[in-house]
Amino acid sequence: MVERWRKETHCFNFREGECTITLKDIAILTDLPIDGDVVCVDSTAPPKVVANMSGWQHFIWTVTGLCPPEKGDHDADGLPPLSKGQVSITWLTAEIRRKHNPEFGGIPLTEESSERDKDIYARIYILGMIGGVFFPKKSNNLISNSWLKIILGSWDDMGNLSWASACLAQLYRSLCNASARAVKEIDGAMFIVQFWAWEHLPWIAPKVDPDKEWGPDHPLRHEAYGCR
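The rules behind each value
- Residues numbered from 1 in each chain as written.
- Predicted model: local features only at pLDDT ≥ 70, side-chain atom pairs only at ≥ 80, totals over all residues.
- Heavy atoms only, no water.
- Pairing = 2+ DSSP bridges.
- Helix = DSSP H or I, 4+ residues; strand = E, 2+ residues; numbered from the N terminus.
- Contact = heavy atoms within 4.5 Å.
- Axes fitted to C-alpha atoms, helices over the stretch in contact; angles between N-to-C directions.
- Core = buried A, V, L, I, M, F, W, Y, C linked by side-chain atoms within 4.5 Å.
- Buried < 20%, exposed > 50% of the residue type's maximum accessible area, 1.4 Å probe, protein only.
- Polar contact = N/O pair within 3.5 Å; in protein donor to acceptor, adjacent residues only side chain to side chain.
- Parallel < 35°, antiparallel > 145°, perpendicular 65-115°, else oblique.
- Nonpolar A, V, L, I, M, F, W, Y, C, P; charged D, E, K, R; others polar.
- Salt bridge = Lys/Arg side-chain N within 4 Å of Asp/Glu carboxyl O.

An unreviewed UniProt entry lists the protein under the name Aminotransferase-like plant mobile domain-containing protein, with Linum tenue given as the organism.

Here it is in structure tokens:
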């Protein structure tokens, strides 16, 4: 698919003609919202406000309640938790699980947990979805700290953003970058390319059971189309 991508037209070039992934495809396959404000990421490092923390360390602590060390420690993949304006999602998820794991002296997350703990857990989960599913980098582990500025916002602000547009723009850029002759790796939401190809290219689509019922009681009936 990448070899058939033409960055001049943002289309796949097949013998039968050209076609491309559209905003409607993203919306149907992922159920991400189309309408809303533009997703604008600010990469400016926050100022240092605490003597023993860098600006990013304090900012991450504000969002997640966790303070990543800048030197010394490494995550399960051997990478520093905080490096060059990026935070390790592997480190974040491991720390949040340890925080709520009774084996490590943590308090399990339940319905009776504080709103602060629920809020932090939800924001880290969303951060993992952003950096690991819809906007992953080639490392598949490091997430730009710039996303934290969006995650720190109100739930209404996050919900009112056009995430589908941002995902499609990132996907186009990833395909354009990967189509260069010398490039051997690709980032971005490649699962969307796979789902799109299954839906639009019948010669590579998996076989679907015609007797399968998608009634109102099916567990995936109301999920995004890509989940099916």
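We are not done yet, so read on.
### Re the sheet that holds strand S5 (residues 86-88)
With respect to topology, 3 strands assemble into an open sheet ordered S4-S5-S6, the strand pairing being antiparallel. Strands with a single pairing partner mark the edges of an open sheet, and in this sheet they are strand S4 (82-83) and strand S6 (142-144). Here helix H3 (residues 89-99) sits on the sheet and contacts S5 and S6; the angle it forms with S5, its principal contact strand, is near 45°.

### Examining the sheet that holds strand S1 (residues 5-6)
The strand order across the open sheet built from 3 strands is S1-S2-S3, with neighbouring strands paired in antiparallel fashion. Of all strands in the sheet, those with a lone pairing partner are S1 and strand S3 (17-19), marking the two edges. Pairing of S1 with strand S2 (residues 11-14), which is carried by 2 bridges, proceeds in the antiparallel orientation. Following the sheet pairing, Trp-5 is matched in S2 by Phe-12.

### Some words on the nonpolar core
One broad trend across soluble globular proteins is that nonpolar side chains are buried collectively. Phe-12, Ile-21, Phe-135, Trp-147, Trp-163 and Ile-192 are the most contacted members of the largest nonpolar core, which totals 47 residues. The set of elements that each furnish at least two residues to this core consists of S2, helix H1 (23-30), helix H2 (55-64), H3, helix H4 (115-134), helix H5 (146-151), helix H7 (163-178) and helix H8 (190-200). For this core, the element with the highest residue contribution is H7, accounting for 9 residues.

### Some thoughts on the side chain of Thr-30
Along the chain, Thr-30 falls in helix H1. Polar side-chain contacts of Thr-30 include one of 2.6 Å to the backbone oxygen of Ile-26. In terms of polar contacts, Thr-30 uses its side chain to reach the backbone amide nitrogen of Leu-32, at 3.2 Å. Beyond its immediate chain neighbours, meaning those up to four positions away, Thr-30 contacts Phe-134, Phe-191, Ile-192 and Ala-224.

### So, the pairing of S2
Side-chain direction in a regular strand flips from residue to residue, so the side chains alternate between the two faces of the sheet. Hairpin connection of S1 to S2: 4 residues between the antiparallel strands, including His-10 at a positive phi of 55°. Bridging between S2 and S3 involves 3 bridges; their strand directions are antiparallel. Directly across from Asn-13, in S3, lies its bridge partner Glu-18. Connecting the antiparallel pair S2 and S3 is a turn made up of 2 residues.

### With respect to H1
Buried within H1 we find Asp-25, Ile-26, Ala-27, Leu-29 and Thr-30. Contacts from the buried residues of H1 go to H4, H7 and H8. Positive backbone phi, at 65°, marks Asp-31, one or two positions downstream of H1.

### Focus: the packing of H1 against H8
The N-to-C vectors of H1 and H8 enclose an angle of 100°; their axes lie 11 Å apart at closest approach. By the criterion of interaxial angle, the relationship of H1 to H8 is roughly perpendicular. Between H1 and H8, the residues in contact are Asp-25, Ile-26, Leu-29 and Thr-30 and Phe-191, Ile-192, Phe-195, Trp-196 and His-200, respectively. Classifying every residue of the contact of H1 with H8 gives 6 nonpolar, 2 polar and 1 charged.

### Structural notes on the pattern of salt bridges
Applying the stated criterion across every chain yields a total of 2 salt bridges. With a closest N to O distance of 3.9 Å, Glu-115 and Lys-118 form a salt bridge. With Glu-115 and Lys-118 both in helix H4, this residue pair falls 3 residues apart, about one helical turn. Look at Glu-115 and you get exposed, because its relative accessible area is 59%. Note on Lys-118: relative accessible area 26%, which makes it partly exposed. The salt bridge partner of Asp-119 is Arg-123, with a shortest N-O separation of 2.6 Å. With Asp-119 and Arg-123 both in helix H4, this residue pair falls 4 residues apart, about one helical turn. We note that Asp-119, like Arg-123, is buried.

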